[in-house]
Amino acid sequence: MRIHHVFATLLLPCTALSQVNAYKPATSIKTIPGYTLAWHDEFNVDGKPDSTNWNYEQGFVRNEELQWYQPANARCTGGVLLIEGRRQRVANPHYQPGSSNWRSARQYAEYTSACITTGRLRQFGYGRFEVRARIDTAMGAWPAIWTLGTSREWPGNGEVDIMEFYRVNNVPTILANVAWATQQRNVAKWNTQRTPLVHFTGKDPDWVNKFHVWRMDWNKDSIALYLDDELLNVTLLNRTINADGSNPFKDKPMFILLNLALGQNGGSPADTKFPVKYEV
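Calculation rules
Residues numbered from 1 in each chain as written. Predicted model: local features only at pLDDT ≥ 70, side-chain atom pairs only at ≥ 80, totals over all residues. Heavy atoms only, no water. Helix = DSSP H or I, 4+ residues; strand = E, 2+ residues; numbered from the N terminus. Rg over C-alpha atoms; globule rule 2.2 N^0.38 Å. Buried < 20%, exposed > 50% of the residue type's maximum accessible area, 1.4 Å probe, protein only. Areas by Shrake-Rupley, 256 points an atom, 1.4 Å probe, with all protein chains shown as cover. Lys, Arg positive; Asp, Glu negative; His and termini not counted. Charge placed at Lys NZ, Arg CZ, Asp CG, Glu CD. Pairing = 2+ DSSP bridges. Phe/Tyr/Trp six-rings, centres within 6.5 Å; stacked < 30°, edge-to-face > 60°. Contact = heavy atoms within 4.5 Å. Polar contact = N/O pair within 3.5 Å; in protein donor to acceptor, adjacent residues only side chain to side chain. pLDDT = per-residue confidence, 0-100.

Enquirer: Which parts of the structure should I look at to understand the overall build of the chain?
Expert: Counting its regular elements, the chain contains two helices and 18 strands. Computed over the C-alpha atoms, the radius of gyration of the chain is 18 Å, within 12% of the 19 Å expected from 2.2 N^0.38 for a compact globule of 280 residues. Seen along its three principal axes, the alpha-carbon backbone of the chain occupies a region of about 55 × 45 × 40 Å. Buried positions account for 54% of the 280 residues belonging to the chain. Split by element, the accessible area of the chain, about 12700 Å² in all, is 48% carbon and sulfur. Within the chain, one finds 30 positive and 26 negative side-chain charges whose respective centroids are separated by 1 Å.

Written as structure tokens, this is what we have:
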């Protein structure tokens, strides 16, 4: 993945799509006029993700999802970051019989996966973010590329979903979203664009077997989200005002998350063939 900055703020270079084998990781970097490369990670050294760039979420984290997040499910191999969702039973050390809290009510997790983030290590401002990835569209899979602000609790810190894939009314869907705070705590205001997967596979029947470039262009006026240079969503930042009058996307840094969730919006993975693979 690569991040480019406008006027030395954020830029990530990658080979022009026409020059890249869509079935393989990219091996070279392009320059973009008007941008300066600020940071990148090509995941091209086998082993664990670079600990100076990435840390891990662990356990049951959000959305009452099925997976137990653990570092073992993320590794760099063959020029990609590979996040695997596995059907794997793991004992929950926080289990409390009779608990009403979903994190402690489950004695076991039946699935594992990984979420890596640049939180506390790397944070970014205005610029262009590019992530080249191949997603698994199996039932139950919920892969995402997203950012969160660092300044306050969610959703007042702001969230951008550069990419989500899951089922909407049982229809496989690519989502591009921006969220900020309402007057009600933990309830977000969303600008969401949902594009059925068939929009892409109808033009390319082999779409799901290829790598694609998800992109965010973020400046002082707007956030624009793209997939393979097709504009999916634009959010004007004069709209993203929290209930307290603050704006999480104006001159506020964000960090990056790459994760593969299982269950909930992804649907039931009970009949899915594992492992489920997400490659970046």
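Enquirer: Can you walk me through the sheet that holds strand 17 (residues 254–262) in this structure?
Expert: One key point about sheets: their strands pair by backbone hydrogen bonds, in either a parallel or an antiparallel sense. Ordered in space as 3-8-17-10-11-12-13, the seven strands form an open sheet in which the pairing is antiparallel. The sheet is open, and its two borders are formed by strand 3 (55–56) and strand 13 (188–196), each paired with just one other strand. Summarising the sheet, strand 8 (residues 115–117) and strand 17 pair through three bridges and their orientation is antiparallel. When the sheet's bridge partners are listed, Thr-117 is paired in strand 17 with Leu-257.

Enquirer: Got a minute to help me understand the packing of aromatic side chains in this structure?
Expert: Geometry of an aromatic ring pair is reported as the spacing of the ring centres plus the angle between the planes. Within the structure shown, the criterion is met by 13 aromatic pairs. Taking the centre distance of 5.3 Å and the plane angle of 40 degrees together, the rings of Trp-39 and Phe-124 count as tilted. Note that Trp-39 is positioned in strand 2 (residues 35–40) and Phe-124 in the loop between strand 8 and strand 9 (127–133), a separation of 85 residues in sequence. Assigned by exposure class, Trp-39 and Phe-124 land together as buried. When the centroid spacing of 6.0 Å and the interplanar angle of 85 degrees are considered together, the rings of Phe-124 and Phe-129 count as edge-to-face. Considered together, Phe-124 and Phe-129 belong to a single accessibility category, that of buried residues. Grouping aromatic residues by their ring pairs yields a cluster made of Trp-39, Phe-43, Trp-54, Phe-124, Tyr-126, Phe-129 and Trp-218.

Enquirer: I would appreciate a short explanation of the environment of Glu-65 in the present structure.
Expert: Residue placement: Glu-65 occurs in the loop between strand 3 and strand 4 (67–69). We classify Glu-65 as buried; its relative accessible area is 3%. Separated by 46 residues in the primary sequence, Glu-65 and Tyr-111 place their C-alpha atoms 9.7 Å from one another. Those residues in contact with Glu-65, other than ones at most four positions away along the chain, are Phe-60, Trp-102, Arg-106, Trp-142, Ala-261, Leu-262 and Gln-264. A distance of 2.6 Å separates the side chain of Glu-65 from the side chain of Gln-67, its partner in a polar contact.

Enquirer: Mind showing me how you'd approach the pairing of strand 7 (residues 108–113) here?
Expert: The two faces of a sheet get side chains in turn, since along a regular strand they alternate between them. The sheet contact formed by strand 4 and strand 7 spans three bridges and is parallel. The residue bridging Tyr-69 from the neighbouring strand is Ser-113, located in strand 7. Two elements, strand 6 (residues 80–91) and strand 7, share four bridges in a ladder whose sense is antiparallel. Paired with Arg-86 across the strands is Thr-112, a residue of strand 7.

Enquirer: Just to check I follow, could you spell out the confidence of the model for the chain for this structure?
Expert: Should the pLDDT be low somewhere, the predicted coordinates at that spot are not to be read in detail. A residue-level look at the chain finds 95% of positions with pLDDT of 70 or above and a mean pLDDT of 94. Here residues 6–18 is modelled with pLDDT under 50, and outside its nearest four sequence neighbours on either side it reaches 64 contacts, counting other chains as well.

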